[in-house]
Amino acid sequence: MPTTKTAHSDAGAGPALRVLVIGTSGSGKSTFAQQLAAHTGIAWHELDLINWRPGWHDRHTHEPEAFLADVDAATARGNWVVSGGYSKTRPIILPRLTDLVWLDLPRWQVMAQVINRSLRRAAGDQEVFPGCHESWSRLLRRDHPIRWAWDHHAPNRLKFAGQAQAALGARLHHCNSRSEADAAMARLVQAMLPVAEPAGVAGLS
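Residues numbered from 1 in each chain as written. Predicted model: local features only at pLDDT ≥ 70, side-chain atom pairs only at ≥ 80, totals over all residues. Heavy atoms only, no water.

Peer 1: What am I meant to see in the side chain of Ser 25 here?
Peer 2: Secondary-structure assignment places Ser 25 in the loop between strand E1 (18-22) and helix H1 (29-40). Not counting chain neighbours up to four residues away, the residues in contact with Ser 25 comprise Val 110, Val 114, Pro 145, Trp 148 and Ala 149. (Helix = DSSP H or I, 4+ residues; strand = E, 2+ residues; numbered from the N terminus. Contact = heavy atoms within 4.5 Å.)

Written out as structure tokens, the structure reads:
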């Protein structure tokens, strides 16, 4: 359960919401973040979109300084939700959080989601990121999300548990099911509602 602290924006104009959504490949991070952004109007920053360049060029590996600089700029101010599992970004993002959402779903559910998503993308030669297309041949790669999700489900749980502990001061929403993820979404949307003024204060100059 999250703590009961109330966070406020840097400008003091209203509630703050700076959320990181973590979870293994196929857990639904992007879907959760996209829906939260739609419900609250805050910015959504997808780390995969910041990372991947045409031809599946991996900035995280080949130009980490530029990648991290872009992540720093995206999360430096305002309200936002970030989805992604890049460990190198944690020193930048974790100290800025108000909330950490950990989608810790069972392996069978993760695999069903990542396989269905990957097959749908490959069948349509879908552009996953600008200049990056899914293909049948990519499904066989060791670093493809299908293989990655299977091989790293257990190790990632330990990694994400450590990140949750490191996110000092942030409210933790540890979700082991879709219903728990829905409840976390409702709490985060509620957190962005204007704080009611105490009775007898409104209208005073």
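Next comes the rest of the description.
Peer 1: When you look at H1 in this model, what are you seeing that I'm missing?
Peer 2: Structurally, the α-helix is built with 3.6 residues per turn, so residues lying three or four positions apart point the same way. For H1, with 12 residues, the first-to-last C-alpha span of 17 Å sits near the 16 Å given by 1.5 Å per residue. Every buried residue of H1 is accounted for by Lys 29, Phe 32, Ala 33, Leu 36 and Ala 37. Relative to the axis of H1, the buried residues are bounded by an arc of 130° and lie together on one face. Across from the buried face of H1, at angles greater than 90 degrees, the exposed residues are Ala 38 and His 39. Looking at the buried positions of H1, the neighbouring elements they touch are E1, strand E2 (43-46), strand E5 (80-83), strand E6 (99-103) and helix H8 (178-191). Where H1 terminates, the next one or two residues include Gly 41, which has phi positive at roughly 85°. (Expected span 1.5 Å × (residues − 1). Buried < 20%, exposed > 50% of the residue type's maximum accessible area, 1.4 Å probe, protein only. Arc of directions from axis to C-beta.)

Peer 1: Could you clarify how one ought to interpret the nonpolar core in this entry?
Peer 2: Within soluble globular proteins, side chains that are nonpolar generally end up buried alongside one another. Core analysis: the largest hydrophobic core is formed by 18 residues, its most contacted members being Leu 20, Leu 47, Ile 93, Leu 97 and Leu 100. Listed by contribution, the elements that provide at least two residues to this core are E1, helix H2 (47-51), helix H4 (64-74), E5, E6 and helix H7 (145-166). Every residue in contact with Leu 20, bar those within four places of it in the chain, is listed here: Val 82, Gly 84, Arg 90, Ile 93, Leu 94, Leu 97, Asp 99, Leu 100 and Val 101. Counting residues in each nonpolar core, the second largest holds 17 residues, with Val 21, Phe 32, Ala 33 and Met 185 among its members. (Core = buried A, V, L, I, M, F, W, Y, C linked by side-chain atoms within 4.5 Å.)

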